[in-house]
Structures are given as structure tokens and as C-alpha cells.
Amino acid sequence: MTVQEIAEQSLKNLLASLGFSADIEVTETDGIVCLNIASPDSQYIIGGGRGQAG
């Protein structure tokens, strides 16, 4: 397994352990790897603007 595959699987496992179903899309640009989370619950994972301290 590559480091990228381990990171993708680790993120997916972490989200699943928190009760979220998510697909992870891996993109790479100029050698920088980005793990994008796609989920019907994305507002709870990434933040929807509510309840944040200002």
C-alpha cells in the first residue's frame, strides 16, 4: 500500500467510525495530494456555518 492509499483508507475509516458515509476522491496537482470528501452529510463534516464562534 502506498502512503496515499493509507491516508485515503484512514480518512474513510475515521469518518465511518464517526457514523458518516463518505467517498474519498484523491487528486494530485504539482505533486500535492488532496483528499476530497464527498458525503450527503458534508455540512456536518466540513461545517455549515452554524454554531461557529465568531
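What counts, and at which threshold
Residues numbered from 1 in each chain as written. Predicted model: local features only at pLDDT ≥ 70, side-chain atom pairs only at ≥ 80, totals over all residues. Heavy atoms only, no water. pLDDT = per-residue confidence, 0-100. Helix = DSSP H or I, 4+ residues; strand = E, 2+ residues; numbered from the N terminus. Pairing = 2+ DSSP bridges. Buried < 20%, exposed > 50% of the residue type's maximum accessible area, 1.4 Å probe, protein only. Polar contact = N/O pair within 3.5 Å; in protein donor to acceptor, adjacent residues only side chain to side chain. Contact = heavy atoms within 4.5 Å.

Glancing now at the confidence of the model for the chain. When the pLDDT values of the chain are averaged, the result is 85; 85% of them are 70 or greater. Element-level mean pLDDT values for the chain span from 81 in helix H2 (residues 42-46) up to 93 in helix H1 (residues 3-17).

Direction of pairing for strand E1 (residues 23-29) relative to strand E2 (residues 32-38): antiparallel, over a ladder of seven bridges. Bridging from a neighbouring strand, Ile24 pairs with Ile37 of E2. In textbook terms, the turn of a hairpin is the stretch between consecutive antiparallel strands, and for E1 and E2 this stretch comprises two residues, one of which, Asp30, has a positive phi near 50 degrees.

On to the side chain of Ser39. Note that Ser39 resides in the loop between E2 and H2. In this structure Ser39 comes out as buried when scored by relative accessible area, which is 13%. Polar side-chain contacts of Ser39 include one of 2.7 Å to the backbone oxygen of Ser21. Within polar-contact distance, the side chain of Ser39 engages the backbone nitrogen of Asp41 at 3.0 Å. Leave out the neighbours within four places in its chain, and Ser39 touches Ser21, Ala22 and Ile45.

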